[in-house]
Amino acid sequence: MSFVMLKNLLLSPLRKFIHKDFHEIFDRMTLVDKIFFLIVHFIDKHNFWHRLPVFFGLLYLGARRTLHQHYNLINVGRTPTGVRSNPVDYPYRTADGKFNDPFNEGAGSQFSFFGRNMMPVDQHNKLKKPDPMVVATKLLARRKFIDTGKQFNMIAASWIQFMVHDWIDHLEDTQQVELRAPKEVANECPLKSFRFNKSKETPTDFYEIKTGHLNSRTPWWDGSVIYGSNADVLKKVRTFKDGKLKLSENGLIQQDENGKIISGDVRNTWAGLLSLQALFVQEHNAVCDTLKKEYPELEDEDLYRHARLVTSAVIAKVHTIDWTVQLLKTDTMLAGMRANWYGLLGKKFKDTFGHVGSILSGVVGMKKPENHGVPYSLTEEFACVYRMHQLLPDTLQLRNIDATSGPNKSLPLTNEIPMEEVVGSKGNENLSRIGFTKQMVSMGHQASGALELWNYPVWMRDLIAQDVDGTDRTDHIDLAALEIYRDRERSVARYNDFRRGLLQIPISKWEDLTDDEEAIETLRDVYDDDIEELDLLVGLMAEKKIKGFAISETAFIIFLVMAIRRLEADRFFTSNYNEETYTKKGLDWVNTTESLKHVLDRHYPEMTQKWMNSNSAFSVWDSSPEPHNPIPLYFRVPQL
């Protein structure tokens, strides 16, 4: 009898404690993974990981992430063999993302494949079942705006678009599809029908997953939202003087002679995204000025390359230890996200003693990148859980920055602009009139929308989409219905299969998903009382949330495995995160920047002092600062 057979025989009595959907994968696990799974599965069955003391919560998340790194990273497309590069030849981020991985020059480059966190589920025979426009109308469309309270503001909503435009955009086909509203919802649909381009399917030359989708952006954390994802765009945004990028005199993104913005990504933009692009162009240029002063011998190209590394790292750090901490507002996630960057021993230890291992000092600064045997990419499933358009309100609330601040540095409202007036080309024009300071302060004081059912902006159901060059398309789209269609078209598992794929226990009845009786009745009606047909996006919005989480736990599990991957697989956050690559001054710049507030303070020192009362620039600015908690972070117990 083989060792594997003996091991399975000895562990077979445990199968009765395991959900039947996981018996097959459990049998394939290594002994250590089996132990991890049994612990995770037991905690999941009783739904209490988020109630554990912080340190034990981190152990649970560490065990779960290890399982996902072993079973939820799937390569799409054949990896080139023998195509290697020497990191010494490319001590900088390339325009198209190539040469980051020395063993696979194309990993993470423009037009590489989206990976997978689970095997695709072909849905081409039910792309319209149930009809996407019915789903959008009956379950997603906003009835009344629901906000996030003080937790998350409009800067935070803009930030995630800023990130998505850095990481992901599917290549489209020229062939179009048309969706028509069925009679039962036609009167409630802003568009009775709409046309859109199919996602382009590309052969993978791979035996298991035969076709995939190409990413037109570079999925590394490389700031491509301001630099672009290829040499042509990069050439447009650079001044070719002192390493700097183009910026208008009023501190906003510069425009060309045709009135189009000049930035790394110009597609489907709005005033909030443009403001963050402008802010980080200023950040890049400020790094250039500092490096030129410190190292006068550096030429334009070197200044640009070092400044890009520094600015990209600042963006990644802000997202990791500031934005995400506000999104997942619990002590466990505060500890976890800071541990990703600084390790369990924290910033002071790392600053004093240097990097002493990924657990104690974080993944940033590891001796070598780690991709867990799967070439780096972002995944189809990752793209799906970042569908967060519910964060956007119906109007942008402008504040009077000339008025005297009220309690908690609050500001009076001057007027509200319909969101339709601040998206696309109109958004650029109106931002020029509003100005950076008023736009940023106003977004800081306005709560974002909540990720819930019946909170999808209706104005996005009659939206002008754009080409990659920022040109408006003639066909308007119903974005809510389109997002439902896209997940099916790209063979992304529906909600229950998605959970199974992530080793999460599937729901067996609608009440497992939500306590809202009206939601349950509507779900039964739309999906003909078939839980297995529930669309992923709808499930994510309907799911009961952990206290402090702005997103569902199901979405969070994708974050758990992919958030750290963006850091640990990138040599510029690991083996090349050093003074030689960044310069000493550049590395100090990253290490002393802890939040978006620090970035704002650098360029607009009056802004946060006068108008921000909150701890984080991503929470509503007139909220009260977090009170000091004398209990050490790892010993805290969640207050539920």
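All of the points below concern the structure found in this document.

1. Here we look at the pattern of salt bridges
One pass over the full model with this rule turns up 54 salt bridges. A salt bridge links Glu381 to Arg116, with the shortest nitrogen-to-oxygen separation between them at 3.4 Å. Taken as a pair, Glu381 in helix α15 (residues 380-385) and Arg116 in the loop between β1 (112-113) and α5 (132-140) lie far apart in primary sequence, 265 residues in all. A salt bridge links Glu184 to Lys138, with the nearest nitrogen and oxygen atoms 2.9 Å apart. One end of the pair, Glu184, is in helix α7 (residues 183-186); the other, Lys138, is in helix α5, and 46 residues separate them in sequence. We classify Glu184 as exposed; its relative accessible area is 51%. Sharing partners across several salt bridges, the network here consists of Asp169, Glu172, Arg217, Asp265, Arg267, Asp467, Arg473, Arg486 and Glu489.

2. With respect to the environment of Ile551
Take Ile551: it is sitting in the loop between α21 (536-542) and α22 (553-568). On the basis of relative accessible area, Ile551 is assigned to the buried category, the value being 2%. In this structure, the C-alpha to C-alpha distance between Ile551 and Thr583, residues 32 residues apart in sequence, is 38 Å.

3. Here we look at the nonpolar core
Counting 191 residues, the largest nonpolar core has Trp159, Phe556 and Leu596 as the members making the most contacts within it. Not counting chain neighbours up to four residues away, the residues in contact with Leu596 comprise Ile155, Trp159, Leu279, Phe280, Val318, Asp322, Ala617 and Phe618.

4. Looking at empty space enclosed by the protein
In the structure shown here, the tally under the stated rule is five cavities of 30 Å³ or more. The computed volume of the largest cavity comes to approximately 70 Å³. The residue inventory of the lining of the largest cavity, partitioned by class, reads eight nonpolar, one polar and two charged. One number sums up the size of the second largest cavity: a volume of about 40 Å³. Lining the second largest cavity, in full, are Tyr92, Arg93, Thr94, Gly97, Lys98, Asn100, Trp220, Asp222 and Phe572.

5. Structural notes on a nonpolar patch on the surface
There is a patch of nonpolar side chains on the surface, built from Leu345, Phe353, Val356, Ile359 and Leu360 and spanning about 480 Å² of accessible area. Within the secondary structure, Leu360 sits in helix α14 (residues 358-361).

6. Some words on unusual backbone geometry
Look at the link from Lys129 to Pro130: it is a cis peptide, with omega at -15 degrees. Relative to the helices and strands, Pro130 resides in the loop between β1 and α5. At Asn47, a position not held by glycine, the phi torsion is positive, near 50 degrees. Within the secondary structure layout, Asn47 lies in the loop between α3 (31-46) and α4 (54-71). With a phi angle near 55 degrees, Asp242 is a residue other than glycine that sits in the positive phi range. As for its placement among the helices and strands, Asp242 is situated in the loop between α9 (231-237) and α10 (271-294). Here Asp242 falls in the partly exposed class, since its relative accessible area comes to 25%.

7. Notes on helix α24 (residues 584-591)
For an α-helix the count is 3.6 residues per turn, leaving residues at separations of three or four pointing the same way. If you check which residues of α24 are buried, you get Gly586, Leu587, Trp589 and Val590. All buried residues of α24 lie within an arc of 150 degrees about the axis, which places them on one face of the element. Elements that come into contact with the buried residues of α24 comprise α10, α11 (300-327), α12 (331-342), α23 (579-582) and α25 (596-603).

8. Considerations on the packing of aromatic side chains
In this description, an aromatic ring pair is defined by two values, namely the gap between the centres and the angle between the planes. Tallying each qualifying case throughout the model produces 30 aromatic pairs. Ring geometry for Phe349 against Phe353: centres 4.8 Å apart, planes inclined by 40 degrees, an arrangement best described as tilted. Note that Phe349 and Phe353 are positioned in helix α13 (residues 346-353) at a spacing of four residues, about one turn of the helix. Its relative accessible area of 25% is what places Phe349 among the partly exposed residues. Classification of Phe353 as exposed rests on a relative accessible area of 58%. Through a chain of ring-to-ring contacts, three or more aromatic side chains come together here, namely Trp167, Trp221, Phe382, Tyr386 and Phe559. Geometry around Trp454 places Arg143 over its ring, the cationic atom sitting 3.8 Å from the centre. A cation sits over an aromatic face here: Arg305 above Tyr92, 3.6 Å from the ring centre.

Reading the values: rules and limits
- Residues numbered from 1 in each chain as written.
- Predicted model: local features only at pLDDT ≥ 70, side-chain atom pairs only at ≥ 80, totals over all residues.
- Heavy atoms only, no water.
- Salt bridge = Lys/Arg side-chain N within 4 Å of Asp/Glu carboxyl O.
- Helix = DSSP H or I, 4+ residues; strand = E, 2+ residues; numbered from the N terminus.
- Buried < 20%, exposed > 50% of the residue type's maximum accessible area, 1.4 Å probe, protein only.
- Core = buried A, V, L, I, M, F, W, Y, C linked by side-chain atoms within 4.5 Å.
- Contact = heavy atoms within 4.5 Å.
- 1 Å grid on protein atoms, 1.4 Å probe; cavity = no way out; pocket = protein on both sides within 12 Å on 5 of 7 lines; lining within 4 Å.
- Points joined across faces, edges and corners; volume = space filled by probe spheres on them.
- Nonpolar A, V, L, I, M, F, W, Y, C, P; charged D, E, K, R; others polar.
- Patch = residues over 30% accessible without salt bridge, like charges linked within 9 Å, V, L, I, M, F, W, Y side chains within 5 Å.
- Areas by Shrake-Rupley, 256 points an atom, 1.4 Å probe, with all protein chains shown as cover.
- Arc of directions from axis to C-beta.
- Phe/Tyr/Trp six-rings, centres within 6.5 Å; stacked < 30°, edge-to-face > 60°.
- Lys NZ or Arg CZ within 6 Å of the ring centre and 35° of its normal.

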